[in-house]
Amino acid sequence: MAIRIVREKGDPVLREHTATVKRFDETLARLVEDMFETMYHYNGVGLAAPQIAIPKSIIVLDAGDGERYALINPKIVLAEGHEVGVEGCLSVPGVYGEVERYSQIRVHAQDLKGELLEIEATEFLARVLQHELDHLQGVLFVDKVIRYLPEEELADE
Ligand code: NI
């Protein structure tokens, strides 16, 4: 396992559309382990493969609900409601802002063996999922921010 370098805003790899994963092999499993290790090292709650310069459709998440997710080729298949909440990103260090997201989503993805997964998510997990799914389309949260948090507000947290 290894901690990978996280690419930051301005790196063109963050703007690429990612490729569908077709091989569910040991190489994929090792990449996902590196993604988890990198995410935990930098205290992130999610990480998408383009953030470590791999333009493939892979995300990992641990939104603090006791589950860790590795999702291959994830897609939103159902979305309802809207809510505004604060986000940050390991690829945009020190910047936080409010983003509107769906409040409830259903995601279809594959696991490390290629088996289909279905996830129903609300609240924080739904937000993290949508943030990471955007990375797979070359979209960063700062593209969607409706209000940046000023530094004074950050200092209070
Ligand atoms: Ni991010």
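A brief look at the structure comes next. Every residue gets a number counted from 1 within its own chain, in the order that chain's sequence is written. Per-residue local features of the predicted model are confined to residues with pLDDT of at least 70, and side-chain atom pairs are confined, for both listing and counting, to 80 or more; whole-chain, interface and lining totals are unaffected and use all residues. Neither water nor hydrogens contribute to the side-chain values; these are computed over all heavy atoms in the structure.

1. A short note on the coordination of the nickel ion
Donor selection uses N, O and S atoms within 2.8 Å of the metal (3.2 Å for Na, K and Ca). Since no water is included, sites may look incomplete. The protein atoms that coordinate the nickel ion are Cys89 (SG), His131 (NE2) and His135 (NE2), at distances spanning 2.1 to 2.2 Å. Between the donor residues of the nickel ion, the gaps in sequence give the motif C-x41-H-x3-H. Placement of the pair is Cys89 in the loop between strand E4 (83-87) and strand E5 (97-101) and His135 in helix H2 (residues 123-135), with a sequence separation of 46 residues. Like Cys89, the residue His135 is buried in the burial classification. The numbering of helices and of strands both runs from the N terminus, where a helix is a DSSP run of H or I of at least 4 residues and a strand a run of E of at least 2. Only protein chains enter the accessibility calculation, which uses a 1.4 Å probe. A residue is then buried if its area is under 20% of the maximum for its type, exposed if over 50%, and partly exposed in between.

2. Some remarks on the pairing of strand E2 (residues 58-61)
Side-chain alternation along E2 places Ile58 and Val60 on one buried face and Ile59 and Leu61 on a second face that is also buried. Bridge analysis of strand E1 (residues 46-48) against E2 gives three bridges, and the strand direction is antiparallel. What sits directly across from Ala48, in E2, is Ile59. Note that E2 and strand E3 (residues 69-80) share four bridges and pair antiparallel. Paired with Val60 across the strands is Ala70, a residue of E3. For two strands to be treated as a pair, DSSP must find no fewer than two bridges joining them.

3. Points about the environment of Leu90
Residue placement: Leu90 occurs in the loop between E4 and E5. What makes Leu90 partly exposed here is its relative accessible area of 23%. Taking the C-alpha atoms as reference points, Leu90 and Glu151, separated by 61 residues in sequence, lie 17 Å from one another. In this analysis, two residues are considered to be in contact whenever any of their non-hydrogen atoms come within 4.5 Å of each other. Discounting residues that sit within four places of it in the chain, Leu90 has contacts with Val6, Tyr42, Gly44, Gly46, Leu47 and Gln51.

4. Considering the environment of Glu115
Relative to the helices and strands, Glu115 is located in the loop between strand E6 (104-110) and strand E7 (116-122). When the C-alpha positions of Glu115 and Phe24 are compared, they lie 9.6 Å apart, and in sequence the two are 91 residues distant. Those residues in contact with Glu115 that sit more than four places away from it in its chain are Ala109 and Gln110.

5. Quick word on the packing of aromatic side chains
Put simply, two rings from Phe, Tyr or Trp (the six-membered ring, in Trp's case) pair if the centres are within 6.5 Å, and we call them stacked under 30 degrees between planes, edge-to-face over 60, tilted for the rest. Counted under the stated rule, the structure contains one aromatic pair. Centre to centre, the rings of Phe36 and Tyr40 are 6.2 Å apart; their planes meet at 15°, and the pair counts as stacked. Placement of the pair is Phe36 and Tyr40 together in helix H1 (residues 26-41), with a separation of four residues, close to one helical turn.

6. Quick notes on the nonpolar core
With 17 residues, the main nonpolar core has Ile59, Leu61, Leu71, Ala121, Leu125 and Leu129 as its most contacted residues. Those elements that provide at least two residues to this core are E2, E3, E6, E7 and H2. Broken down by element, the residue count for this core peaks at five residues, all from H2. When neighbours within four sequence positions are excluded, Leu61 is seen to be in contact with Phe36, Met39, Val45, Gly46, Glu67, Arg68, Tyr69, Leu71, Leu125, Val128 and Leu129. Counting residues in each nonpolar core, the second largest holds 15 residues, with Met39, Ile52, Ile54 and Ala70 among its members. Buried residues of nine kinds, namely Ala, Val, Leu, Ile, Met, Phe, Trp, Tyr and Cys, make up a nonpolar core once their side-chain atoms join them within 4.5 Å.

None of this, on its own, says anything about what the molecule does.
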